[in-house]
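# Architecture and fold: a report
The primary structure of each chain is shown beneath.
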Amino acid sequence: MIVKVKSSLFQELSQRISNLQLQVLRGDDEQDAFNRMLELFLEIGESRFGFVAEVAESSPGKEALRIRAITNLATTQELQAMYMELISGDLFFEAGPNLIGELLRTRQTVIANDVMTDARKNTLPAGHPSIDRFMGIPLMRGNAMLGVVGLANRKTHYDDELIKVLEPLLVTCTTLLEVYRERRQRHAHELALAESRQDVDLMAAAFRSAQDGILITDQKGKILEVNNSFCRDSGYSRELLIGQNPRMLRSGKQSPDFYRLMWQTLSKKGQWVGELWNRRRSGEEYAVRLTIRAIAGDSNDILRYVGVSTDITNIKKHEEKLAWLVFHDEKTGLPNLRYITKQLSEQIRSLKPNEKLCVAYLDIDEFKLINERYGMDCGDRILKLAGEALQQELSPNDLFGRLTGDEFIAVLKNTSEQNFDLQLAAISNAVNTIQSEDFFQALTVSIGATVYPQYKSLDAEQLIRQADQAMYHAKLMGGNLIQYFDHSDERTQAFRHQQVIEIRQALNNEAFVLYYQPKVNMHTHEVVGAEALIRWQHPERGLLTPGAFLPMIENDPVIESIGAWVLHTALCQLSVWSKKGQRIPVSINISPRELHNPEFISNIANALAMHPDVEPNLLQLEVLETSALEDIERVSKVINQCRKFGIEFAIDDFGTGYSSLTYLKHLPVNVIKIDQSFVRNLTHDPSDQAILKSIVDLAKVLGRDVIAEGVETQAHVELLKTLGCHLGQGYAIGHPMSIGGYEKWLMQWQEENYMHGK
Ligand code: C2E
Ligand code: MG
Ligand code: MG
């Protein structure tokens, strides 16, 4: 069986960071993004409490923090109210002679691993849980401090090591603050413009002092006025702009249709809002978010157009970077798992009939040791070299990317599987020859591969999982190996899984039935009981004997459901017979899994309790010799316990296990059932006769009954009798039969033997 153990925390972390970045890109709920950010900080920072705060924009010089997300510590109503206030963004952490104040002043990380005795400790509101360790990290973009992350009450000390671990989160959090701040500013400007529409004085003031660029044209588009911000953004002086058409700023990035639509909207709605790329005087492209309004005169004719633009080039670049990060690995610049999965899905979809895909999962051997021995920097270099070496062996049409750590993935396309073998061998060789000036050992790689198409259709994720499992196998086999995914294993597993589902359905649909096979005393012809044998009335395959479905599921919990059903059904039958005054002992077969279930005894007791009219000693349980010997001490206890209820036990298929006659002494069973393999050749195999004779003799010594299974012929009957074995079960006596068949057989048997006077 293949076991999957690789589920690295790192992979999960990158995934969650990427999700957050996506959330920001899509402009989803801001508060939720910060809450999730904080969650990640607490998890990776192993801290009980924490907060993410933004440096308040409104207080230049007098730094203060506005909370964006904070652990809810509210144990009292007052604290709950304070928490509500905090998250609504109205409460500030002021700079002062305390830990947070120091951080705001110095813009350096502050660590206090014993806050209680620290002179800089912050005063906490009443009821606030005590803080014993604290770490505050400033979120810097260049020289500007955008925010602070505070973590508290880690079990171990806060240190620089942790800051390194948190680095990807810190970068993402800074970007988060920046993007939202810019969005807010933009929004505020738009609002300001809307409000000042009718207020000319305000308009003029806004015009002069606005951070946004403002441009006013006449109805034909001739520029009449621009403000300083517009000149700053475009790079043109006021003089150069006045009298021109804004067309002069076009970058060519938007199509003529784009502008046509813009003018259409303007003339219809009097306003257009959107984003576009312009070109500065220096030739550089810049992105703006632009609102154009048409200003109408008294007679409703358009007099002026006013455009207000915010330079969003930085945001756009961030967004582009974020979008790139979503599909790439920053360390190597290679595509990441998300990208490969997306592309692989596409390749699967468009695969031509003669083409095959090979997904290869590569993991550098002993990479952890390399990191430990030569340092992380060397490790990173090796990763880069490995990435390059691997890529060289691939054709431009092949996909190649890095997953996490030392794991890479390649997707090859070809028309023959032999070519995959060659390509993978070449890849493995390429890794062997990697050299670096600070690294002196041969590098090897374990490769797990899987080929598509397969006997069933699979998606990209399933294929990658197969390759991962194969890689794990290659590692288990010592590494430096190419291992293909083992489909046979998967196929049986899939089949087994299907079988379990079908069996559950069959139980619900009452598709199982018990057949009964008589057991008789061959000497006196007395019927001593019947063995209940399960059958499956399969809607397509007909009546199935247990060999066709039980072995598949012997380790699955469903076998216990079957056991419960058999026990219940047999007890019902006993109950029916007992009402008719018939005392026919019935034996049922117990699977090893049931026998070893700690609840076995109570299950039996409960079942008996539900059928109070059944004499427990009419029920016999057959346990396999092999399963009884697995844990002879425990099984003996179980048997003794059940025998206290009055139930009998038989050892089934005796002789097929360890055949240890001495063990038998320790098993408190009533009956030994000699396996049919000893009976089959009895008439012409003297050694079988000898074995059978010794089992019979031993059973006598131990005071156990003995019965032969598989009594197929009259010759068997006679020989068994001479060997001292009087009880028998087999086709010579009666086949397993449906309940109706069995009752008919019983009548006939009794009649015949009655007629014979026995
Ligand atoms: P078993 O308990 O040893 O049952 C005897 C098997 O030998 C039965 O096969 C029976 O049909 C077959 N048999 C009886 N007389 C003769 C004969 O003269 N010649 C030959 N060649 N075979 C004979 P069946 O019904 O296919 O069951 C096979 C095995 O499946 C059983 O072996 C038992 O271990 C297991 N089984 C049957 N029913 C159940 C059940 O309800 N639960 C569990 N856990 N196992 C069951
Ligand atoms: Mg049996
Ligand atoms: Mg048997």
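Residues numbered from 1 in each chain as written. Chains lettered and ligands numbered in written order. Predicted model: local features only at pLDDT ≥ 70, side-chain atom pairs only at ≥ 80, totals over all residues. Heavy atoms only, no water.

### Regarding the coordination of the magnesium ion (ligand 2)
Coordination of the magnesium ion (ligand 2) by the protein comes from Glu531 (OE), Asn589 (OD1), Glu622 (OE) and Asp652 (OD), over a distance range of 2.0 to 2.2 Å. The sequence pattern describing where the donors of the magnesium ion (ligand 2) fall on their chain is E-x57-N-x32-E-x29-D. Between the magnesium ion (ligand 2) and the magnesium ion (ligand 3) the interatomic distance comes to 4.1 Å, and Asp652 is a ligand of both metals. Placement of the pair is Glu531 in strand E18 (residues 527-538) and Asn589 in strand E20 (residues 586-590), with a sequence separation of 58 residues. Classification of Glu531 as buried rests on a relative accessible area of 4%. (Donors = N, O, S within 2.8 Å, 3.2 Å for Na, K, Ca; no water. Helix = DSSP H or I, 4+ residues; strand = E, 2+ residues; numbered from the N terminus. Buried < 20%, exposed > 50% of the residue type's maximum accessible area, 1.4 Å probe, protein only.)

### Quick look at the coordination of the magnesium ion (ligand 3)
For the magnesium ion (ligand 3), the protein coordination sphere consists of Asp652 (OD), Asp653 (OD), Glu709 (OE) and Glu709 (OE), at 2.0 to 2.5 Å. Its relative accessible area of 5% is what places Asp652 among the buried residues. For Glu709, a relative accessible area of 6% corresponds to the buried category.

### Quick notes on the sheet that holds strand E16 (residues 482-484)
Spatial ordering of the open sheet is given by E13-E14-E12-E15-E16, a layout of 5 strands whose pairing is mixed. Looking at strand neighbours, the two that pair on one side only are strand E13 (399-402) and E16, the edges of this open sheet. Mean inter-strand twist for the sheet, computed between neighbouring axes without regard to direction, equals 20°. As paired elements, E13 and strand E14 (residues 407-414) share 4 bridges and run antiparallel to each other. Pairing of Gly401 across the sheet is with Ile409, part of E14. Along the sheet, helix H14 (residues 417-432) contacts strand E12 (356-364), E14, strand E15 (445-452) and E16; its crossing angle with E15, the most-contacted strand, is approximately 160°. (Pairing = 2+ DSSP bridges. Axes fitted to C-alpha atoms, helices over the stretch in contact; angles between N-to-C directions. Contact = heavy atoms within 4.5 Å.)

### Let's talk about the packing of helix H11 (residues 337-349) against helix H15 (residues 460-476)
In the contact formed by H11 and H15, the axes pass within 8 Å of each other and the chain directions differ by 115°. The angle between H11 and H15 places the two elements in the roughly perpendicular class. For the element pair H11 and H15, the recorded crossing hand is right-handed. From H11, Leu337, Thr341, Leu344, Ser345 and Ile348 reach across to H15, where they touch Ala460, Glu461, Leu463 and Ile464. For the contact of H11 with H15, the per-class residue count stands at 6 nonpolar, 2 polar and 1 charged. (Parallel < 35°, antiparallel > 145°, perpendicular 65-115°, else oblique. Left-handed = near helix turned anticlockwise from the far one by under 90°. Nonpolar A, V, L, I, M, F, W, Y, C, P; charged D, E, K, R; others polar.)

### Things to note about the sheet that holds strand E9 (residues 271-279)
The antiparallel open sheet is built from 5 strands, whose spatial order is E8-E7-E11-E10-E9. In this open sheet, the two strands that pair with only one neighbour each are strand E8 (223-226) and E9. The mean angle between the axes of side-by-side strands here comes to 25°, regardless of whether they run parallel or antiparallel. The pairing of strand E7 (residues 213-218) with strand E11 (residues 302-311) spans 6 bridges and is classified as antiparallel. Paired with Leu215 across the two strands is Gly307, which belongs to E11.

### Thoughts on the side chain of Arg535
Mapped onto the fold, Arg535 is located in strand E18. Despite its burial, Arg535 pairs with no opposite charge, the nearest such side chain being Glu531 at 8.7 Å. Discounting residues that sit within four places of it in the chain, Arg535 has contacts with Ala511, Phe512, Val513, Tyr515, Leu543, Leu544, Thr545, Pro546 and Pro736. (Lys, Arg positive; Asp, Glu negative; His and termini not counted. Salt bridge = Lys/Arg side-chain N within 4 Å of Asp/Glu carboxyl O.)

### Here we look at the nonpolar core
Judged by nonpolar contacts, the single largest core of 76 residues is most densely connected at Phe512, Ile588, Leu621, Leu667, Leu692, Leu720 and Tyr742. Counting residues per element, this core draws most heavily on helix H17 (residues 558-579), which supplies 10 residues. With near-sequence residues (within four places) excluded, Ile588 lies in contact with Ala532, Val566, Leu567, Ala570, Leu619, Gln620, Leu621 and Glu622. Ile17, Leu20, Phe41 and Ile44 belong to the second-largest nonpolar core, a separate cluster that totals 29 residues. (Core = buried A, V, L, I, M, F, W, Y, C linked by side-chain atoms within 4.5 Å.)

### Remarks on the packing of aromatic side chains
The tally for this structure, following the rule as stated, stands at 15 aromatic pairs. Plain terms: the ring middles of Phe258 and Tyr259 are 5.4 Å apart, the flat faces sit at 85° to each other, and that makes the pair edge-to-face. Arranged with centres 5.4 Å apart and planes meeting at 85°, the rings of Trp536 and Phe549 form a pair that is edge-to-face. Of this pair, Trp536 sits in strand E18 while Phe549 sits in the loop between strand E19 (542-544) and H17, and the two are 13 residues apart along the sequence. Joined through ring pairs, the aromatic side chains of Tyr516, Trp577, Tyr742, Trp745 and Trp749 make up one cluster. We note Arg250 situated over the ring of Tyr259; from NZ or CZ to the ring centre the distance is 3.6 Å. One cation-aromatic arrangement involves Lys253 over Trp277; the distance from NZ or CZ to the ring centre is 4.2 Å. (Phe/Tyr/Trp six-rings, centres within 6.5 Å; stacked < 30°, edge-to-face > 60°. Lys NZ or Arg CZ within 6 Å of the ring centre and 35° of its normal.)

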